[in-house]
Amino acid sequence: MLSLFGCTDVKSRRYEKTVYDAFDTVTSVVAYDTDKESFETHFKAFEQELKRYDMLFSIYDEYDDAVNLYEINKRAKTAPIECDGDIIALLEYGKECYALTEKTVNICMGSVLSLWHEAREYSLKNPDKAYIPDMSALEEAAKHTDINDLIIDSEKKTVFFKDKEMSLDVGAIAKGFAAQRLASFLSNIWSDYAISIGGNVITSGYKNSDGNTKWNIEIENPDPEAKTALETLLVSTQSVVTSGNYQRFFTVNGKDYCHIIDPKTLMPAENFSGVTVVTKSDFALADALSTALFILSLEEGKALIEKTEGAEALWADKNFSKTYSAGFENYIKK
């Protein structure tokens, strides 16, 4: 959530606007521009790019005039499919994340994640008949998640599945990757802005466009009884991403099941209630790391953060107790 107050320079006024229909979440923009007309023009360009990435990276929606991930999941099992260069870049980044996160974030887990998606959607609509996927079905689906079976030809811009039962699910990296590309797109438009995509924030420059005042970013408290934010951070040209068990979940026989699935157990991760990652402007990295750290043990997560340059983390356990990486407290508002 963005906490934005204060006066602005008359040469650079504060404007804000929201997009409601991209990446299945709400995207809010706060930016400083010379006048409202300029802001509206720039915002429209941003919105078009955001929706273009949403269309390209969707695994649930089919479009007549574009090859997106939905189309690739449907056709790449029979022959190499030519696609947009941004999809190629996303999938190549997905392979990097697989190595970076020690196989924790795997964009080829679609066969497993689709079973959980179906269970969640049905259970939310039919709570009296709520269910979780059968373990035997999950184990069979997990046989088709080898990332080496994803064949990417960067020169020809094609994607092919060696395993005909494999499918892609890029939920752990898609918003972050798109946001990172959007930040590059915006570098020639706005100097000072904050963008929240479903509560995950990327910032550039300073609040008030004054070259001094950092952005206030409130981390949602996973404790439903809490009256205040888990922490309030002060950042400038940085990314803040949180993964948690308190927004997307469903309940079966009194037990909550979140949407983040551990590839080792094939079940929802249960180590933490929330994990927040701060990076130096790299939203794509923050997005991937937050998912990985939510799945890994605290010791494994600390080790991963320590060897990842420019990244810090906050873990909130199941009792809402907090643990910080070495440099995270430098961001906390005193």
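This structure is a prediction, so every number in the text was calculated from the model and none was measured.

(A) Structural view of the pairing of strand 7 (residues 193-197). The buried fraction of strand 7 is high, at five of five residues. Here strand 7 shows no split at all, with Y193, I195 and I197 on one side and A194 and S196 on the other all buried. Taken together, the five bridges between strand 3 (residues 25-33) and strand 7 define a ladder with antiparallel strand orientation. Across the sheet, S28 pairs through a bridge with S196, a residue of strand 7. In this structure, strand 7 lies alongside strand 8 (residues 200-204), joined through five bridges in antiparallel fashion. Bridge assignment links A194 to a residue of strand 8, and that residue is T203. Where strand 7 folds back on strand 8, the antiparallel hairpin that results is connected by two residues, among which G198 adopts a positive phi of roughly 65°.

(B) Broad picture of unusual backbone geometry. Although it is not a glycine, K103 adopts a positive phi angle of roughly 75°. On the secondary structure map, K103 appears in the loop between helix 3 (85-100) and helix 4 (110-125). Residue F320 is not a glycine yet carries a positive backbone phi of 70°. Residue position: F320 is located in the loop between strand 15 (311-317) and strand 16 (322-324). Residue class for F320 comes out partly exposed when judged on its relative accessible area of 28%.

Parameters at a glance
- Residue indices begin from 1 for each chain and proceed along its sequence in written order.
- Selection of residues for local features in this predicted model requires a pLDDT of at least 70, selection of side-chain atom pairs for listing and counting requires 80 or more, and totals for whole chains, interfaces and linings are taken over all residues.
- In computing side-chain values, all of the structure's heavy atoms are included and hydrogens and water are not.
- The buried label applies to any residue whose accessible area, calculated with a 1.4 Å probe on protein chains only, is under 20% of its type's maximum; exposed applies above 50%, and partly exposed to all values in between.
- Secondary structure elements are defined from DSSP: runs of H or I of at least 4 residues count as helices, runs of E of at least 2 residues count as strands, and each element is numbered from the N terminus.
- A strand pair is defined by DSSP finding two or more bridges across the two strands.

Geometric values such as these leave the question of function open.
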